[in-house]
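These are the residues of each chain, in order.
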Amino acid sequence: MSEQVDLRASDPQLSGRLVECRDFFDLPELKHLPADRKAQALAEMRRAGTYVQTPEEILIGAKLAWRNHARCVGRKHWRTLKLIDARDATTAEAIAQACFEHLRVATNGGALQSIVTVGPTPLPDGREYRIISPQLIRYAGYRAVDGAVTGDPAHLELTQLATKLGWRGKGTDFDVLPLMISTPDEPIRWFDIPRELVMEVPLEHPNYRWFAGLELKWHAVPAVSNMDLEIGGVRYPCAPFNGWYVNTEVGARNFSDQDRYDMLPAIAKKLRLDMSSDRTLWKDRALVELNRAVIHSFRESGAYMVDHHTVAKQFVDHVDRETEAGRKCPTDWAWVNPPMSSGITPTFHRLYDPPDMDIRPNFVSRGALGCPFS
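Residues numbered from 1 in each chain as written. Predicted model: local features only at pLDDT ≥ 70, side-chain atom pairs only at ≥ 80, totals over all residues. Heavy atoms only, no water.

Go over the overall build of the chain with me, naming the residues and quoting the values.
Check the secondary structure of the chain and you find 10 helices and 14 strands. Taken over C-alpha atoms, the radius of gyration comes to 22 Å for the chain, in line with the 21 Å a tight globule of 374 residues would show. Each of the three principal axes of the chain carries a C-alpha extent, and together these read 75 × 50 × 35 Å. Taking all 374 residues of the chain together, the buried fraction comes to 52%. In the chain, the proportion of contacts linking residues at least 24 apart, taken out of those at least 6 apart, comes to 68%. Accessible surface, the chain: about 17500 Å² in total, of which carbon and sulfur atoms supply 51%. The chain carries 46 positive and 49 negative side-chain charges, and their two centres are separated by 2 Å. (Helix = DSSP H or I, 4+ residues; strand = E, 2+ residues; numbered from the N terminus. Rg over C-alpha atoms; globule rule 2.2 N^0.38 Å. Buried < 20%, exposed > 50% of the residue type's maximum accessible area, 1.4 Å probe, protein only. Contact = heavy atoms within 4.5 Å. Areas by Shrake-Rupley, 256 points an atom, 1.4 Å probe, with all protein chains shown as cover. Lys, Arg positive; Asp, Glu negative; His and termini not counted. Charge placed at Lys NZ, Arg CZ, Asp CG, Glu CD.)

Here is the structure:
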């Protein structure tokens, strides 16, 4: 079959997908494929508006999507990504089971593995298979009559939706929300995540015994499930993927943000810090001890996590390696620097290629890119 396929089309969206398809198969990582593969894909795309990618093409594309994502600081490990091909999962039940398998394989007893599970593409009429939950594992949030929130305030609406669908939580700070899935031919369905698939780390401090009394914990696997995977002109709206946590994502954001668990005041009181003014740096001191507890607890539990200093060094190494390979490394400076101690990490003192939000393959959220591993 000739490779000379006309990329012009009356539909601008189709033209764009044809260009993405051509560019994808022109990438060096796909040069080993049969000589006529690009022409076959382009012809099928022009005829049907899409084409069926092989598992190998999806895995290569997903790895490149990770490598291309400007807001991820963990890209040094992009080659390690593994694929679960779940494109034949066309019911909510089947998608849920694929997600459960994802958690089982990714958790790996605490030695976390980077996994992407790829579900079916949208139907010709545009209807999609989609996981509503932003991550496979999320904690519920409940607002009381007086406005106080139990649990994670970020997930109040998600919790309300789950409750409306018939789910009932226990009302604790760490109720694991059900997996909620939308398919073209079913109402939204929810599925409790099997308890044995949710590895959680109870937080304790290496020096302060009272810390365990705060009864904090966090799940080990950050499996993002609300981003589209776009590869070679094909979009996968159901494609959960995971790496592993940086300590600051848990300690300096989830537990420290005022609109999340907001734990710094409680920790500062336990430390008997002077909280009369921000100038005493009580927040900073509490933040450091909280992150010490997070790092210590994940290590003691056997759940892999990287600290913000190590991951910054790894990212700088990745950028240097990409430069040596003759590739640009589009980077959003604000996202690759940690939310604490940024000035003493090597990522802070570097200039990077401007973030290219249109580069493909990529993981894409509706409206704008978000960070896959936050």
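Can you tell me about the pattern of salt bridges, naming the residues and giving the values?
Side-chain pairing between opposite charges can occur once the charged atoms of the two side chains come close. Within this structure, the stated rule accounts for 25 salt bridges. For the salt bridge of R71 with D332, the shortest nitrogen-to-oxygen distance reads 2.9 Å. Of the two residues, R71 sits in the loop between α3 (55-68) and β1 (82-85) while D332 sits in the loop between α9 (308-324) and α10 (333-336), which places them 261 residues apart along the sequence. Both residues of the pair, R71 and D332, count as buried. Notably, a salt bridge pairs R189 with E186, separated by 3.5 Å at the nearest N-O pair. Take R189: its relative accessible area is 33%, and that puts it in the partly exposed class. (Salt bridge = Lys/Arg side-chain N within 4 Å of Asp/Glu carboxyl O.)

Provide a residue-level description of helix α2 (residues 37-48), including the pertinent values.
The end-to-end C-alpha distance of α2, which contains 12 residues, comes to 16 Å, matching closely the 16 Å that a straight helix rising 1.5 Å per residue would cover. If you check which residues of α2 are buried, you get R37, K38, A39, A41, L42 and M45. Along its buried surface, α2 packs onto α1 (12-25) and α3. Looking one or two residues past α2, G49 carries a phi angle of roughly 85 degrees, positive in sign. (Expected span 1.5 Å × (residues − 1).)

How would you sum up the sheet that holds strand β3 (residues 130-131)? Please name residues and give values.
With respect to topology, 3 strands assemble into an open sheet ordered β3-β6-β7, the strand pairing being antiparallel. Two strands in the sheet have a free side with no partner beyond their single neighbour: β3 and β7 (186-191). Strand direction decides the pairing type here: strand β6 (residues 179-183) and β7, joined by 4 bridges, are antiparallel. Of the residues in β7, the one forming a bridge with L179 is F191. Relative to the sheet, helix α4 (residues 92-107) contacts β3, β6 and β7, its axis offset from that of β6 by approximately 135 degrees. (Pairing = 2+ DSSP bridges. Axes fitted to C-alpha atoms, helices over the stretch in contact; angles between N-to-C directions.)

Any link to function would need more than the numbers given here.
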